[in-house]
Structures are given as structure tokens and as C-alpha cells.
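For reference, the chains in residue letters:
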Amino acid sequence: MGVCSSKHAEHTLSKRPVALLDVDHTVLFGEMGQDDAAMKLNLTLLQCLKGRGIEDVFLFTDMTFKTASVQERSALVSVLQKRHHFRVHGVITPCDVCWGEISCEEAMHLERMCFSDNLYTGKFYGSE
């Protein structure tokens, strides 16, 4: 999902409040499950946003190229849209610098190199 860039989307969004929400430990606690009982959504936050008339959101996350991460974020978007009736306009990640610039095969090679083969020894995030 990319960030909205069309003039119509920008014009429409400029007339409504938009929330920029962190996924981990803000919207989602733990991991996405397959049913409502397993999902650990911050329902208080979602209800508060709705109560203030905020239905348009962008998510930001530290998602990597790992399949499980992509699937989890995709499931979260689906739940927010279908069950909670939010309009999710995009998911913003540090990986965005790569989306559209490298192929799926290159992304998977990068993921393997960094996380499976341990060839990359640099810093990904944090102060360490």
C-alpha cells in the first residue's frame, strides 16, 4: 500500500482529520490472530478516534521484508477497514525506500542475507 498521491485524494483528505498511528504497542499488542479473541487491538484507541470523527488513518511500522510481517500488516489493514470501518490510506515503513525500487526476488535475497545468512552486521535500528 502506498501513500496517496493523487490530487483528488489530497483534496478529499484535506477536509477530514487524519490520524498517523504506530502499529506496534499502540494499535496492535502482540500478533494478529485469526479471530477477534486472538487479536489484541487497542479498541479504546479505535473507539476514541471514531468518537472524534476520525476515520482516515495512515499506519507506520518497523516492518521488514519478512513474509509474516507483511501478512500481519495486511491482515491489520483488512480488519481496520472491514470490521472497524476505517479508511487506511497507507502503511509507512523504513522499507519504503526500497518499495518499487527493487524486485520481490531482490527483497527476499536482502532479507535472507540480513536475517538468515547473517552477512550484514551493521546497525538496523536503535542506539546499539
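Please read these numbers as outputs of a predicted model, since none were measured by experiment. (Residues numbered from 1 in each chain as written. Predicted model: local features only at pLDDT ≥ 70, side-chain atom pairs only at ≥ 80, totals over all residues. Heavy atoms only, no water.)

(A) Summary view of the overall build of the protein. Assigned secondary structure in the protein consists of four helices and three strands. Shown N-terminal to C-terminal, the secondary structure of the protein runs as helices and strands in the order α-β-α-β-α-β-α. By residue count, 30% of the 128 residues in the protein fall in the buried class. Put simply, 75% of the contacts in the protein that link residues at least 6 apart link residues at least 24 apart. Accessible area for the protein stands at about 8,600 Å²; split by element, carbon and sulfur atoms hold 55% of it. (Helix = DSSP H or I, 4+ residues; strand = E, 2+ residues; numbered from the N terminus. Buried < 20%, exposed > 50% of the residue type's maximum accessible area, 1.4 Å probe, protein only. Contact = heavy atoms within 4.5 Å. Areas by Shrake-Rupley, 256 points an atom, 1.4 Å probe, with all protein chains shown as cover.)

(B) Quick peek at the pattern of salt bridges. On inspection of all chains with the given rule, the structure shows four salt bridges. Residues Glu-55 and Lys-50 are paired through a salt bridge, measuring 3.6 Å at the closest nitrogen-oxygen approach. A salt bridge links Arg-87 to Asp-56, with the shortest nitrogen-to-oxygen separation between them at 2.9 Å. Of this pair, Arg-87 sits in strand 3 (residues 87-92) while Asp-56 is found in strand 2 (residues 56-60), placing the two residues 31 residues apart along the sequence. (Salt bridge = Lys/Arg side-chain N within 4 Å of Asp/Glu carboxyl O.)

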